[in-house]
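So you can see what is in the structure, the chains are spelled out below.
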Amino acid sequence: MNETEMSPEKVGALIVSPAAYATQKALMAGFQWLRHNNPLVLIEADGFDPFWAVTAHADILEVSRRHDLFCNGERATTLVPRAADELARSLTGGSPHLMRTLLQMDAPDHARYRHIAQAWFSRQGVGAFEDRVRHLARLSVNRMAERGGSCDFAGDVALHFPLRVAMEILGIPEEDEPRLFDLIQELFRSQDEAPSRETKASRDPTRHTRRLLDAFNGFDAYFTPLLEQRRRGPQDDLASFIANAVIDGRPIGPFEAVGYCMLILTAGHHTAAAAMSGAVWAMCENAEPFCMARNDFSLLPRLVEEAVRWTTPAHHMMRTATTDTLMHGRRIARGDWLMLCYLSGNRDERAFDQPDCFRVDRDPGRNLAFGHGAHACLGQHLARLEMRIFFEEFLARVARIDLAGVPRRLASVFLGGPKTLPVRYSMM
């Protein structure tokens with residue numbers, strides 16, 4: 001689709017299509033067209049409630065900072081079809097949220113629950129994990145070496161290392177990794193399935209929500225007994241801290257405690273895994289950033305930021321207007337739904353020089369992928385630490401790396417990144 005064929009309706013159809021996120025070429029062109037021509041546009045796509053697509057970097061920042069004006073709790077915080085929203089509300093007694101985590105909370109609850117783990121995820125707090133993270137990173141690179149020079153970097157390396165880090169912090173036994181890995185994959189594959197033929201089930205707009213509910217029930221079955229165990233016998237781990245947390249003088253509710261653990265495990269896992277794979281994919285296609293980073297480890301913090309910007313593991317978040325307001329001269333009514341298009345904002349030419357180039361020397365200060373304001377990612381310092389340490393170990397051992405096949409991205413409106421990344425490499 002070239003620029004003369006663009007329209008809000010056609011770009012809107014791409015924005016709601018999981019398949020468009022797997023290939024990205026047409027979608028990125030559509031986002032660019034919107035940024036230049038209609039950066040705040042009302043999308044009316046078949047099967048979805050109308051929503052405002054916020055595509056410019058500056059506007060996404062502004063909405064993110066105004067959590068008083070644009071809230072999380074009233075409507076779904078990710079884009080879902082109308083039928084899926086109705087199903088969720090029927091299952092929960094009126095709430096659009098199947099789970100209640102920090103992502104679905106507003107003030108004052110958001111600050112109270114965020115405070116539970118704030119110290120664990122501060123810059124100083126995550127520094128205490130550096131030795132354990134480095135040990136896990138070395139094990140991951142050792143496993144690459146044992147594979148004889150080729151692997152699926154996404155599936156064999158990136159999906160496992162951040163999971164092991166999150167398990168270490170939560171205090172989850174190593175032997176439980178296969179069970180949790182399967183639950184996470186069930187959660188992420190719910191929108192990424194491409195049926196071999198179209199069926200009534202594959203066209204069901206509630207299918208994604210039903211699969212999410214199955215995954216949530218699996219996490220509940222795992223974490224409920226673990227948290228009860230930690231209440232009876234606390235240990236020096238984050239699961240014990242969550243299990244024994246007190247909110248407004250009362251013990252944290254089991255629903256919120258399970259959601260807290262699930263969010264830490266899944267969000268932290270996906271962000272780091274996707275960004276690691278995105279960076280390796282980019283460095284396979286262009287050896288210059290790989291060589292620059294190998295020769296100068298002081299660039300690794302910037303490599304990490306660029307990996308997250310380039311990949312944008314969470315493509316969007318939704319917000320709901322709490323009162324009537326104006327943006328770009330357009331009236332946004334109370335209750336209107338807004339999509340913060342991080343994937344678009346992180347490629348905005350007004351915010352980034354040569355945004356479609358992967359550069360390890362880029363100024364990292366304007367990346368949107370960790371969010372901003374009250375809802376900035378709780379685990380961002382841990383994600384940066386584990387990715388930096390991984391790339392220190394990776395670049396110290398890998399002499400060369402190239403694509404060994406055709407990579408594939410997740411086909412998902414919400415969560416993105418490489419799904420498969422076949423590579424061949426030589427170790428030092």
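Coordinates for the structure precede this section.
This part covers the pattern of salt bridges. Going through the model one piece at a time under the given rule, you end up with 31 salt bridges. Here Asp109 and Arg112 are joined by a salt bridge, their closest N and O atoms 3.5 Å apart. With Asp109 and Arg112 both in helix α6 (residues 109–118) and 3 residues apart, this pair spans about one turn of that helix. The class of Asp109 is partly exposed, set by a relative accessible area of 22%. By relative accessible area, Arg112 is classed as partly exposed at 34%.

With 12 residues, helix α16 (residues 300–311) extends 16 Å from end C-alpha to end C-alpha; this agrees with the ideal 16 Å at 1.5 Å per step. Burial runs high along α16: 9 of the 12 residues are buried. The complete set of buried residues in α16 reads Leu300, Leu303, Val304, Glu305, Glu306, Ala307, Val308, Arg309 and Thr311. Considering only its buried residues, α16 is in contact with α14 (254–285), α15 (287–295), α17 (342–345), α18 (380–397) and β13 (418–420).

Read across the sheet, 5 strands follow the order β1-β2-β10-β7-β3 without closing on themselves; strand pairing throughout is mixed. If you trace the sheet from one side to the other, it starts and ends with β1 (40–43) and β3 (70–71), each paired once. Across 4 bridges, the pairing between β1 and strand β2 (residues 51–54) is antiparallel. Of the residues in β2, the one forming a bridge with Leu42 is Trp52. Helix α1 (residues 8–15) contacts β1, β2 and β10 (337–341) of the sheet and is inclined by roughly 75° relative to β1.

Definitions and cut-offs
- Residues numbered from 1 in each chain as written.
- Predicted model: local features only at pLDDT ≥ 70, side-chain atom pairs only at ≥ 80, totals over all residues.
- Heavy atoms only, no water.
- Salt bridge = Lys/Arg side-chain N within 4 Å of Asp/Glu carboxyl O.
- Helix = DSSP H or I, 4+ residues; strand = E, 2+ residues; numbered from the N terminus.
- Buried < 20%, exposed > 50% of the residue type's maximum accessible area, 1.4 Å probe, protein only.
- Expected span 1.5 Å × (residues − 1).
- Contact = heavy atoms within 4.5 Å.
- Pairing = 2+ DSSP bridges.
- Axes fitted to C-alpha atoms, helices over the stretch in contact; angles between N-to-C directions.

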